Amino acid sequence: MDTVCCELEDKAKKAANGTMATFCLDGWSNVANDPIIASSIQVHNKVYIVDIIDTNDEKHSAENLAIIADDHMQKAKEKYGVKIVAVVTDNAENMNSMRKKIQEKANVVQYGCSAHQLNLLAKDLLVPSQIVSRIVEVAKIFRNCQQPRAWLEEVNFLKPQLPSAVRWNSSVQVLEWFVNGWQKLRKIVEGHQDYFNGTGKGAAKLIRDITVFQQAEEALLCLKHVACALDDMQSIPKFGID
């Protein structure tokens, strides 16, 4: 494994050496809830990892992120022999401030991820949050409870995926699950009224409500266009600078 890793690193260094690169920085929590910061460069439409660190109890302030970014940009220059001409992050307030601090010291273009901006637009403006939360309430019953999950299998319908802030288009997926499976969900509710008059009463009310279905259908129609644009945007190489 070490040998393969070294071979891949050598190939990456040769491919990137002497080129202009876009530097990317992102932060999240891993499955153990550890705070992670990862950096990479994009060169000739390919991405190469610079560093991944656990920031422990260090606050992700703009000042601290700027220090980390400076350190990782220097590592990128030394490791890959690149000239960094642009810096891109998501559009969180701390990241926006961090990019401005970097631009004050370095001659680089800085910008927020366009796909992330589009995702925020869809979440904040295009679809009322209450309709998504209602569909999530239904989805949780069929994902997390043993009997409803088994009844889904009986009607040959998939278990829902719950939305996640780090999985763009996941709201589209749960809306699509509800709209496409609405008739089957109604059939399950009517066939198991003892359960849905008790434990699943809240979900049953939402499933039976034609207005909820119509709102979900309208939201899905609206978000579908954004989802397609997001997929296209993330597949376009020119969003990195070579």
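All of the points below concern the structure found in this document. None of these values were measured; they are calculated from a predicted model.

**A word on the environment of M20**
Right, so step 1: Tracing the backbone through its elements, the reader meets M20 in strand β1 (residues 20–29).
Right, so step 2: Each C-alpha atom, one on M20 and one on H44, is 8.9 Å from the other, the two residues being 24 residues apart in sequence.

**Regarding unusual backbone geometry**
Backbone phi values are negative for most residues with the exception of glycine, while trans is the configuration of most peptide bonds.
Right, so step 1: The backbone phi angle of H44 is positive, close to 50°, even though this residue is not glycine.
Right, so step 2: In this structure, N45 takes a positive phi of about 65° despite not being glycine.
Right, so step 3: By secondary structure assignment, the location of N45 is in the loop between β2 (35–43) and β3 (46–54).
Right, so step 4: Classification of N45 as partly exposed rests on a relative accessible area of 46%.

**Points about the sheet that holds β2**
In a beta sheet, neighbouring strands pair by backbone hydrogen bonds and run either parallel or antiparallel.
Right, so step 1: Spatial ordering of the open sheet is given by β3-β2-β1-β4-β5, a layout of five strands whose pairing is mixed. Strands at the two margins of the open sheet, each flanked by one partner only, are β3 and β5 (109–112). Each strand axis lies, on average, 25° off the axis of its neighbour in the sheet, ignoring direction.
Right, so step 2: As paired elements, β1 and β2 share eight bridges and run antiparallel to each other. Bridge pairing in β2 links T22 to Q42.
Right, so step 3: Packed onto the sheet, helix α3 (residues 93–105) meets β1, β4 (83–89) and β5 and runs at close to 160° relative to β4.

Reading guide: rules and limits
- Residues numbered from 1 in each chain as written.
- Predicted model: local features only at pLDDT ≥ 70, side-chain atom pairs only at ≥ 80, totals over all residues.
- Heavy atoms only, no water.
- Helix = DSSP H or I, 4+ residues; strand = E, 2+ residues; numbered from the N terminus.
- Buried < 20%, exposed > 50% of the residue type's maximum accessible area, 1.4 Å probe, protein only.
- Pairing = 2+ DSSP bridges.
- Axes fitted to C-alpha atoms, helices over the stretch in contact; angles between N-to-C directions.
- Contact = heavy atoms within 4.5 Å.

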